[in-house]
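# Tertiary structure, described
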Amino acid sequence: EKEIEEAEAKSEQEESSSEDLMKEQKESAEQLQELLRSMQSMSSGMQQEQHLENMETLRQIQDNLLVFSRGEEQLAEELQLMRTGDPSLGRMQSDQQKMRSGAAVIQDSLRALAERVPQLRESVFDKLGRMIDASEAAMREMGEQQVGKASSESQYAMTAANELALMLDETM
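Residues numbered from 1 in each chain as written. Predicted model: local features only at pLDDT ≥ 70, side-chain atom pairs only at ≥ 80, totals over all residues. Heavy atoms only, no water.

Helix H4 (residues 147-171) packs onto helix H3 (residues 121-143) with a crossing angle of 160° between their chain directions and a minimal axis gap of 8 Å. One finds that H3 runs roughly antiparallel with respect to H4. Here H3 runs over H4; the crossing is left-handed. Only Lys-149, Ala-150, Glu-153, Ser-154, Tyr-156, Ala-157, Ala-160, Ala-161, Glu-163, Leu-164, Met-167 and Leu-168 of H4 make contact with H3, whose side of the interface consists of Ser-123, Val-124, Lys-127, Leu-128, Arg-130, Met-131, Ala-134, Ser-135, Ala-137, Ala-138, Glu-141 and Met-142. Classifying every residue of the contact of H3 with H4 by side-chain character gives 15 nonpolar, 3 polar and 6 charged. (Axes fitted to C-alpha atoms, helices over the stretch in contact; angles between N-to-C directions. Helix = DSSP H or I, 4+ residues; strand = E, 2+ residues; numbered from the N terminus. Parallel < 35°, antiparallel > 145°, perpendicular 65-115°, else oblique. Left-handed = near helix turned anticlockwise from the far one by under 90°. Contact = heavy atoms within 4.5 Å. Nonpolar A, V, L, I, M, F, W, Y, C, P; charged D, E, K, R; others polar.)

Structure (structure tokens):
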């Protein structure tokens, strides 16, 4: 009889211990689920933060493109009024070099952005390449005193910058 009572007591303890273990496992599972939800929420928040950062970068690039485009437009207009050998051509060539430096900043910003947003790469860098090539060609033409050709190349650079800004605007 005593053995039966001890066996029943032991059985009750095991059941109680088993129930406690199940309860602990259930609580652990719930805690893991909560942790998973928290991590997913954090990941979503980080993705949203990255998206906002990308959008801000795009806006800054667009602003820089606008400044570049206006500078090229002004340069093209001034070049149309010049004659070969004009003494202010040297100043304009210096201005073109400053704009080319601005284009390098745009290029670096776009490269950094393209690493985070790969779908931008091909089409964006095609237009960027045309913009930079035209800007450099305008500077070469100025160095050779070819004001008409320099003006045309400056207009091409402006057009490429505007097309690039429009393309970036459409991605936003």
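So, about the packing of helix H2 (residues 89-116) against H3. Where H2 meets H3, the axes come as close as 10 Å, and the angle between the chain directions of the two elements is 165°. Taken as axis vectors, H2 and H3 run roughly antiparallel relative to one another. For the pair H2 and H3, the sense of crossing is left-handed. Class assignment for the residues of the contact of H2 with H3 results in 14 nonpolar, 6 polar and 5 charged.

Attention now goes to unusual backbone geometry. In this model, Gln-145 sits at a positive phi of 65°, which is unusual for a non-glycine residue. Positionally, Gln-145 belongs in the loop between H3 and H4.

That is the geometry; function is a separate question.
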